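Chain by chain, the residues run as shown.
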Amino acid sequence: MYMLQQETMGHYILLETHFMKQSIQKAVSLERREPKSLVSSIVDDACYVVQKSVNRAIGSKSIDTTCAMINNAASCLSIEVCNELLATVKTGYPNSHSYSWQQGTDEQVQDQKEQFMTATNNTFATAENILKLKKGFELKCEKGFSGDKSVLAKITSCIAGFNEVHADFKDVSSIHF
């Protein structure tokens, strides 16, 4: 019985991780910015996907499944979202006079400026959302796994991985300074 449960949870982790990655990649590809908004949709979309995936894992009441999904979620945010924003921020803020003369029209330069500023704002906003996610996961795990201090310590250790992801986003947001 235990082996069957472990096998089932292993399949669940694979499926949930695949779903989470695909959903975040979709959010990245459908990224949009509302007029007069400082951030794009990727900030909320990616964090929402991660929150739902980890909350489902916590709901399984399986320590190993919860830890695996927490680690996969942190990794997915770093790889799928942070790297995407990093690529945009690394292009830099174009100098409108010399850049437009060498590279393209004023409209293209303005688009690149907006993309750069949005990506920079997205890194700040996502970094803050990661701290909120981390706190929410801690509270949910304290309620769901409150019976065993060693189990809670193991899960809390996994959740601490979000501190590194937060630092990754903060590093990206400070690249241009």
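Here goes a summary of the coordinates provided. (Residues numbered from 1 in each chain as written. Predicted model: local features only at pLDDT ≥ 70, side-chain atom pairs only at ≥ 80, totals over all residues. Heavy atoms only, no water.)

## Here's the deal with the pattern of salt bridges
Stage number 1. A full pass over the atoms with the stated rule returns six salt bridges.
Stage number 2. Salt-bridge contacts for R56 lead to E16; the nearest nitrogen and oxygen are separated by 2.7 Å. Here R56, found in helix α2 (residues 42-59), pairs with E16, found in helix α1 (residues 2-29); they are 40 residues apart in sequence, far enough to count as distant.
Stage number 3. Look at R56 and you get partly exposed, because its relative accessible area is 38%.
Stage number 4. In this structure, E114 engages R33 in a salt bridge whose closest nitrogen and oxygen atoms are separated by 3.0 Å. With E114 in helix α5 (residues 106-144) and R33 in the loop between α1 and α2, this pair connects stretches of sequence that are 81 residues apart.
Stage number 5. Accessibility expressed as a relative area gives 33% for E114, which makes it partly exposed. (Salt bridge = Lys/Arg side-chain N within 4 Å of Asp/Glu carboxyl O. Helix = DSSP H or I, 4+ residues; strand = E, 2+ residues; numbered from the N terminus. Buried < 20%, exposed > 50% of the residue type's maximum accessible area, 1.4 Å probe, protein only.)

## Details of the state of the cysteines
Stage number 1. Taken as a whole and judged by the stated rule, the model has zero disulfides.
Stage number 2. Not part of a disulfide, C76 finds its nearest cysteine sulfur in C47, a span of 11 Å.
Stage number 3. C76 gets classed as buried once you look at its relative accessible area, which sits at 1%.
Stage number 4. Lacking any disulfide linkage, C141 is separated from the closest cysteine sulfur, that of C67, by 7.9 Å. (Disulfide = S-S within 2.5 Å.)

## Overview of the packing of aromatic side chains
Stage number 1. The full count for this structure, using the stated rule, is one aromatic pair.
Stage number 2. Ring geometry for F137 versus F162: centroids 5.6 Å apart, planes at 50°, classification tilted. Here F137, found in helix α5, pairs with F162, found in helix α7 (residues 161-173); they are 25 residues apart in sequence, far enough to count as distant. (Phe/Tyr/Trp six-rings, centres within 6.5 Å; stacked < 30°, edge-to-face > 60°.)

## Brief notes about α2
Stage number 1. Compared with the 26 Å implied by 1.5 Å per residue over 18 residues, the 25 Å span of α2 between its first and last C-alpha is a close match.
Stage number 2. Among the residues of α2, I42, V43, A46, C47, V49, V50, S53, V54, N55, A57 and I58 are the ones counted as buried.
Stage number 3. Buried residues belonging to α2 abut α1, α3 (63-90), α5 and α7.
Stage number 4. Phi for K61, located one or two positions after α2, is positive at around 65°. (Expected span 1.5 Å × (residues − 1). Contact = heavy atoms within 4.5 Å.)

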